[in-house]
Amino acid sequence: MKEYNVPTAPKAVEPHWQQEDNLDIKGIIFKFLRYWYWFAITIFMALVAAYLFNRYSEPVYEASGTVLVSKDNQEQPNIMSPGRGMSFRPHNLMENEMALIRSYDMRRNAALQMNWYTTIIRQGKFFTSEMYTNRPFTVEFDTNHVQVANVSFHVEMNDLESYQLEYGTGGEITLYDFISREEQGRRTIPLTSKTLKFGQWYTTPYCAFRLVLNEDYSAYQDGQSPPDNHQEFWVTFNTLETAVEKFGVYGIERPDRYADVLKVSMSGKNEHKAIAQVNALLQAYVKQNLDEKNQRSVNTISFIDEQLGQLTDTLRKVEQSLQDFQAKHSLLEIKDKAHPAFQKLNNLESQRAMELLKQSYYQFLSDYVDDSQEDRKSLLAPSTIGIEDQLLTSLVQNLNDLYTKRAELMITSTENDPRVIALQRRVEQAEAALLENISNILAHSRITVKNLGDRIAELQSEIKDLPLKERQLVNIQRRFQVNDQIYTFLLQRRAEAGIEKSANIPDYKIIDDARGARKVFPNTSMNYAISFIIAFLLPLVVILLRDFFDNKIHTHDDIEKATDVPVLGIVNHSKLTANTSVILKPRSILAESYRSLRTSLQFYTPPEDKATVITITSTFSGEGKTFTAINLSSIYALSGKKTLLLSADLRKPKVYEDFGLSNDKGLSTYLIGKCSKEEIIQFSGYDNLYVVTSGPVPPHPSELLETQKMGDLLEELRGEFDYIVVDTPPIGLVTDAIYLMTRSHANVYVVRQNYTPKNAMESLKEMLKKTKVKNVSAILNDVEISRSAYGSYGYGYGYGYGYGYGYGYAYGGYYSDEEMRKPGLINMMRNMFKRFRS
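Residues numbered from 1 in each chain as written. Predicted model: local features only at pLDDT ≥ 70, side-chain atom pairs only at ≥ 80, totals over all residues. Heavy atoms only, no water.

(A) Region of the structure containing the overall build of the chain. What the chain contains, in helices and strands, is 26 helices and 25 strands. Counting only residues that meet the buried cut, the chain has 48% of its 838 residues in that class. Considering only contacts in the chain between residues 6 or more positions apart, those separated by 24 or more positions represent 79%. As presented, the chain carries roughly 41,900 Å² of accessible surface, and 51% of it is formed by carbon and sulfur atoms. (Helix = DSSP H or I, 4+ residues; strand = E, 2+ residues; numbered from the N terminus. Buried < 20%, exposed > 50% of the residue type's maximum accessible area, 1.4 Å probe, protein only. Contact = heavy atoms within 4.5 Å. Areas by Shrake-Rupley, 256 points an atom, 1.4 Å probe, with all protein chains shown as cover.)

Written as structure tokens, this is what we have:
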């Protein structure tokens, strides 16, 4: 038999077979719409999960307040020295202030302003919650007695009169003294249980406290006991360190970079406690700043008190001596001759006393700087004792600035920090400069004191001419007045320092207290939004990943992208299970699919007036090759064409079973010469349809099919029939079909949707390159209507080809087998998982 070279398709249909490079947006949309139920299920489940999470999650509240770090109040004028400030604090860096607020000492000071001694936790159905304001009872304990700290007492309220108390673990428990705020040892306490009445003291060697019922507790209803979820509580005695740890972590931020305003926030499970914590921290922050400013006044007062202490005894003795001398000698005043010299001597003594006082201050500064302590914060200002030396004042102010900067930097750094090291060098240089200046001033002061002493000695020689009693009185009065003037001066300075302390105002000002708390967890709207987004993206990602890793053929586009073989059309999925479904149900959707294929195959009609040979093959078994051969033959027979179905699959014969025919004689027995052609042609039982079965399985099927006798048989049969449909073995497993395909007018390659792998197309391409097989076209078998009509699997099949692929879809109710009826909800849910797996 000669080979045929029939065109694969007319010019009119070639454009449809060409691969489109443009992105098929419509196809992508329909791909996702096909799985709409997965989106609906995941979104519904996600929203339900979000609702349950929002409903049963323990809420977290956030309270916040703002404080102004004012720079205008950082340098107030000194009441003793107009125009010169007593405060030498530099402008605060906002970062340092934020670190200062976060420091342990600041949180400790804030905790001391709150009820840090005890914590009461309520046991609920799903979670526990701390009770801060609306407490069922008040815990009163003996501060002179040690308490069991950091251990929870389980309190179960039996009624409004008594409760069950349980505590102890058998391990070591801390004993704490709340007065000294120190640990007093550790003890092993066995598990203890006791029933007590409210108001009754419970005293053991380890604790001493009582619970006083709070009659205003809002859980009480008409004097009845609270609901079940309000009956169990946990009471804990906290150490100060534990209370600071429970205080939590504050959020500090600068809302406006151009304003010296800090926002302090705190999150907690109890909104009232969060509000109290923020307010306590703001107050501690402002108070710490005020205490720091007041400390300078305290240092000044302390220095003056030390000097006054030394003068008080001297002045008291001199005053007593003056009184005794006047009483003994009945002298009330100095005569006129002694009065001028006495006044002059008195002035010199006053100057000398002031200079000695200044020397005490210089020596105090020198000793203070020479001290080895590293936490110095400030020096006394020279103006404290009336020193107006500009250079000394500048050096003291500069050193105070450096001390403040070092203290602030050490809050967030260590001694090994390069910034701290550089600042320490500046401090050492400033201290050295100050010590050198003090040394020079002390030398000058000593000269001044010596000069005043010489002048006093000269005046005293002039007073020698006075009578002895008057001279003695002058000396006593002079000592009294000098000490009295110095004492009065120091008292004035002390009063001024006290006034300055009372006039001090903090550099910081609380702008907004924490008045309310907003719920930050769970964020109801955000949780719903996130759940919806995740639920929408999850099936989207799964579908995309599934398609990315999917290696199956789904659409005719997959075939055309993998090979140049044209696609004749599709064969719809059918509920009909018999291989002879078309001839049994000629009005079914399946029959219409094969009518479409028959129409497409008309372009492969040979030029001579003989039968058209159509070979049916596939890559693997199970793709519907035999099913296609039987039903394609049936559709030709139904159209009145004398058709022969030739079963050339000698390895796995099946066609005879579908028609109930004998397989004792068939193609294999004919090729080996055991029977004639007439003996192997059997009537199928249906008009115009004849069958040649495979016959018994031979030992060498390939050699039999490639004999000249096989070619002669096909040529003889062409003269007797209108169409010959040859069912061959899969070419992906054996090569039996290739010889027959070279002698056929049309070769139909069956590809099954969701079954045939895409790499099978590569095998087809390699076979076409290596052989002389021509006129090959493909069909997509077992295509579900719901997928092909609207989904991503080739929507528009009924319109693109132009010769009726799937034309029957539009005629609702036309088909006798009701295959076009939409599946019900139950059936759809039943097949949902099956479809998704495909």
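Now that the structure has been shown, the text picks up again.
(B) Representation of the pattern of salt bridges in the model. Using the criterion set out here, one finds 18 salt bridges in the structure. When the shortest N-O distance is used, the salt bridge between E62 and R518 registers 3.0 Å. Pair noted here: E62 is in strand β1 (residues 60–69) and R518 is in strand β17 (residues 517–521), with a separation of 456 residues, a long-range link. Judged by its relative accessible area of 52%, R518 is exposed. For K610, the salt bridge is made with E715, and the minimal N-O distance between the two is 3.0 Å. With K610 in the loop between α15 (589–601) and β19 (612–618) and E715 in helix α21 (residues 708–718), this pair connects stretches of sequence that are 105 residues apart. Residue classification places E715 among the partly exposed positions, given a relative accessible area of 27%. The network of salt bridges with shared partners includes K610, E715 and R718. (Salt bridge = Lys/Arg side-chain N within 4 Å of Asp/Glu carboxyl O.)

(C) Summary view of unusual backbone geometry. Put simply, F521 and P522 share a cis peptide bond, and its omega is -5°. By the secondary structure assignment, P522 is in the loop between β17 and α12 (524–549). Phi at N150 takes a positive value of approximately 60°, unusual for a residue other than glycine. With respect to the helices and strands, the residue N150 is situated in the loop between β5 (147–149) and β6 (152–157). On the accessibility criterion, N150 (39% relative accessible area) is partly exposed.

(D) Expanded view of the sheet that holds β5. The three strands are arranged β5-β8-β9 in an open sheet whose pairing can be described as antiparallel. Each having just a single partner strand, β5 and β9 (182–188) make up the two edges of the open sheet. Going from strand to strand, the sheet's axes swing by 45° on average, the running direction of each strand aside. With three bridges connecting them, β5 and strand β8 (residues 172–177) associate as antiparallel partners. In the sheet register, Q147 faces β8, and the bridge partner there is Y176. (Pairing = 2+ DSSP bridges. Axes fitted to C-alpha atoms, helices over the stretch in contact; angles between N-to-C directions.)

(E) Expanded view of the packing of aromatic side chains. What the rule picks out here adds up to 29 aromatic pairs. Arranged with centres 5.6 Å apart and planes meeting at 90°, the rings of F141 and F237 form a pair that is edge-to-face. A residue pair is termed long-range when its members are at least 10 positions apart, and F141 in strand β4 (residues 137–141) and F237 in strand β13 (residues 232–237) qualify at 96 residues. Take F141 and F237: they sit in the same class, and that class is buried. A ring pair is formed by Y636 and Y723, whose centres lie 3.9 Å apart and whose planes are at 20°; its orientation type is stacked. Here Y636 is found in helix α16 (residues 625–638), whereas its partner Y723 is found in strand β23 (residues 723–727), with 87 residues between them in sequence. (Phe/Tyr/Trp six-rings, centres within 6.5 Å; stacked < 30°, edge-to-face > 60°.)

(F) Spatial organisation of α12. The first and last C-alpha atoms of α12 sit 37 Å apart over 26 residues, in line with the 38 Å expected at 1.5 Å per residue. Of the residues making up α12, those classed as buried are N527, S531, A535, P539, L540, I543 and R546. (Expected span 1.5 Å × (residues − 1).)

(G) How the structure looks around the pairing of β19. With seven of seven residues buried, β19 is to be regarded as a mostly interior element. Going residue by residue along β19, you find T612, I614, I616 and S618 tucked away on one face and V613, T615 and T617 tucked away on the opposite face as well. In terms of strand pairing, β19 meets β23 through five bridges, oriented parallel. Opposite T615, over in β23, you have V726 as the bridge partner. As judged from the five bridges shared by β19 and strand β24 (residues 746–752), these two strands associate in the parallel manner. Considered in β24, the bridge of I614 is made with A746.

(H) Quick peek at the environment of Y723. Judged by its relative accessible area of 16%, Y723 falls in the buried class. With 90 residues separating them along the chain, Y723 and S633 place their C-alpha atoms 7.9 Å apart. Excluding residues within four positions of it along the chain, Y723 makes contact with A611, T612, I614, Y636, K641, K642, T643 and L644.

(I) Here's a closer look at the environment of A778. Within the secondary structure, A778 sits in strand β25 (residues 776–783). Measuring from C-alpha to C-alpha, the distance between A778 and E560 comes to 9.5 Å, with 218 residues separating the pair along the chain. Not counting residues up to four positions away in its chain, the partners in contact with A778 are I559, V565, P566, V567, L568, G569 and Y749.

(J) Spatial organisation of the confidence of the model for the chain. Per-residue confidence for the chain gives a mean pLDDT of 78, with 79% of residues at or over 70. With pLDDT under 50 throughout, residues 787–814 is counted as low confidence; its partners more than four residues away or in other chains account for 72 contacts. Segment residues 817–822 is flagged for pLDDT under 50; beyond a separation of four residues in sequence, or across chains, it makes 13 contacts in the model. (pLDDT = per-residue confidence, 0-100.)

(K) Looking closely at the sheet that holds strand β7 (residues 162–167). Across the sheet, which stays open at both edges, the six strands sit in the order β3-β2-β13-β6-β7-β10 with antiparallel pairing between neighbours. Because the sheet does not close on itself, it has two edges, and the strands there are β3 (128–131) and β10 (192–197). Sheet twist, expressed as the mean angle between neighbouring strand axes with direction ignored, is 25°. As paired elements, strand β2 (residues 118–123) and β3 share four bridges and run antiparallel to each other. Its bridge partner lying in β3, I120 is registered against M131.

(L) Spotlight on a nonpolar patch on the surface. Together, L47, F532, I533, F536, L537, V541, L545, F548 and F549 line one region of the surface with nonpolar side chains, adding up to about 890 Å² of accessible area. With eight residues, α12 is the largest single contributor of residues to the nonpolar patch. One can find F532 in helix α12. (Patch = residues over 30% accessible without salt bridge, like charges linked within 9 Å, V, L, I, M, F, W, Y side chains within 5 Å.)

(M) Local environment of the pairing of strand β22 (residues 689–692). Sheet analysis places strand β20 (residues 643–647) next to β22, joined by four bridges and oriented parallel. Directly across from T643, in β22, lies its bridge partner L689. Bridge analysis of strand β21 (residues 681–683) against β22 gives three bridges, and the strand direction is antiparallel. In the sheet register, F683 faces β22, and the bridge partner there is Y690. In textbook terms, the turn of a hairpin is the stretch between consecutive antiparallel strands, and for β21 and β22 this stretch comprises five residues, one of which, G685, has a positive phi near 100°.

(N) Structural context of the side chain of T66. Structurally, T66 can be placed in strand β1. Setting aside chain neighbours within four positions, we find T66 in contact with V261, L262, K263, L282, I510, I511 and D512.

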